[in-house]
Amino acid sequence: KPETRERLCARCMISTLAEGTSLKGKFKHPMILLDGLLSVRFFDRPNTILVPGDMTLTPDFTPPAAADIVLTEAEWADYYAGQSHHCVTPITLAYLPTDLVKELLETSVDFTRAVLDRYLFIQTQFSLYQAYLYHYNAYEAVRYVLRLTRAHGVTGLTHAQIAYLSGRNRTTVTKILHEIALAEPELLAEEVLSYPE
């Protein structure tokens, strides 16, 4: 609702980060990606991609039942230490105050529904990304990355960036981009083909 948005906007902090910036460790506040593309990696392997509109909470929001998961505190610490976020493009983030987000989750059905809807979207995106990167061949992985980035208005990626997002090496990506150019040229922005490799 507009009044909820106004409360969030009044207390949020906007931050812009340059392409290539890496963020390690846990975030201290909930955040919404407003613009750009953020690659979430786990021990330097692609894990998921965050796109504009995606909201992430912090471990403080983990429900008590999650303690039943068979990890020790040290293993949880390793898990979070292994995560990193990389700016594939320049990005803009809105950091939200934890206390306000917790309050709204308790008192605003509309806000809670919006957060749940976004988390369901992120979960679907995560599942598809994992499937295409780790269970399909390289052609399908590169094809999915092209479709995903184009759907969110990101074009002009270099072969190196596509390799980074698809978990493949540049040589493989260059070969596949030539195959895609012949089979599905509509998937390629002209800029992708213009980079000498």
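Reading the values: rules and limits
Residues numbered from 1 in each chain as written. Predicted model: local features only at pLDDT ≥ 70, side-chain atom pairs only at ≥ 80, totals over all residues. Heavy atoms only, no water. Buried < 20%, exposed > 50% of the residue type's maximum accessible area, 1.4 Å probe, protein only. Helix = DSSP H or I, 4+ residues; strand = E, 2+ residues; numbered from the N terminus. Pairing = 2+ DSSP bridges. Phe/Tyr/Trp six-rings, centres within 6.5 Å; stacked < 30°, edge-to-face > 60°. Lys NZ or Arg CZ within 6 Å of the ring centre and 35° of its normal. Axes fitted to C-alpha atoms, helices over the stretch in contact; angles between N-to-C directions. Parallel < 35°, antiparallel > 145°, perpendicular 65-115°, else oblique. Left-handed = near helix turned anticlockwise from the far one by under 90°. Contact = heavy atoms within 4.5 Å. Nonpolar A, V, L, I, M, F, W, Y, C, P; charged D, E, K, R; others polar. Core = buried A, V, L, I, M, F, W, Y, C linked by side-chain atoms within 4.5 Å. Salt bridge = Lys/Arg side-chain N within 4 Å of Asp/Glu carboxyl O.

1. Quick look at the pairing of strand β8 (residues 91-95)
Burial within β8 is extensive, with 5 of its 5 residues counted as buried. The side-chain alternation of β8 yields two buried faces, one formed by Ile91, Leu93 and Tyr95 and the other by Thr92 and Ala94. Across 5 bridges, the pairing between strand β1 (residues 13-17) and β8 is antiparallel. Each bridged residue has a counterpart across the sheet, and for Leu17 the counterpart in β8 is Ile91. Alignment of strand β3 (residues 31-35) against β8, held across 4 bridges, turns out to be antiparallel. Looking at the pairing, Asp35 lines up with Thr92 of β8.

2. A short note on the packing of aromatic side chains
Within the structure shown, the criterion is met by 4 aromatic pairs. On the basis of an interplanar angle of 70° and a centroid distance of 4.8 Å, the ring pair of Phe42 and Phe43 is categorised as edge-to-face. With a centroid separation of 4.4 Å and 10° between ring planes, the pair formed by Tyr132 and Tyr136 is classed as stacked. Of the aromatic side chains, those joined through ring pairs into one cluster are Phe42, Phe43 and Tyr79. For Arg41, the ring lying beneath its charged end belongs to Tyr164, and the centroid distance is 3.8 Å.

3. Side note on the packing of helix α1 (residues 2-11) against helix α3 (residues 98-107)
At a minimum axis distance of 10 Å, the contact between α1 and α3 shows a crossing angle of 165°. It follows from the interaxial angle that α1 and α3 lie roughly antiparallel. Relative to α3, α1 is oriented so that their crossing is left-handed. Contacts between α1 and α3 involve Thr4, Arg7, Leu8 and Arg11 on the former and, on the latter, Asp99, Leu100, Glu103 and Leu104. A per-class count over the contact of α1 with α3 returns 3 nonpolar, 1 polar and 4 charged.

4. Considerations on the nonpolar core
Within the largest apolar cluster, 25 residues are counted, with the highest numbers of intra-cluster contacts made by Val142, Leu165 and Ile180. Among the elements of the structure, α4 (109-134), α5 (138-151), α6 (159-166) and α7 (170-183) are those that each provide at least two residues to this core. The element contributing the most residues to this core is α5, with 7 residues. In terms of nonpolar packing, the next biggest core, distinct from the first, is built from 12 residues, Leu33, Val40, Cys87 and Leu93 among them.

5. Considerations on the sheet that holds strand β5 (residues 45-50)
The antiparallel open sheet is built from 4 strands, whose spatial order is β2-β7-β4-β5. Bordering the open sheet on either side are β2 (22-24) and β5, each of which pairs with just one other strand. Taking each pair of neighbouring strands and ignoring which way they run, the sheet shows an average axis angle of 25°. Bridge count for β2 against strand β7 (residues 83-87) is 3 bridges, and the pairing is antiparallel. In the sheet register, Leu23 faces β7, and the bridge partner there is His85.

6. Some details on the pairing of strand β4 (residues 38-42)
Within β4, 4 of the 5 residues are buried, leaving the element largely enclosed by the surrounding structure. By the bridge criterion, 5 bridges tie β4 to β5 in an arrangement that is antiparallel. Following the sheet pairing, Phe42 is matched in β5 by Arg45. With antiparallel pairing between neighbouring strands as the criterion, β4 and β5 make up a hairpin whose turn holds 2 residues, including Phe43 at a positive phi of roughly 50°. Note: β4 against β7, 5 bridges, orientation antiparallel.

7. Considering the pattern of salt bridges
If you walk through the whole model with that rule in mind, you get 9 salt bridges. We note a salt bridge from Asp117 to Arg113, for which the minimum N-O separation is 2.6 Å. You can see Asp117 and its partner Arg113 sitting in helix α4, 4 residues apart, about one turn around the helix. One salt-bridge network, in which partners are shared between bridges, spans Glu140, Arg143 and Glu184.

The analysis is restricted to geometry; functional conclusions fall outside its scope.
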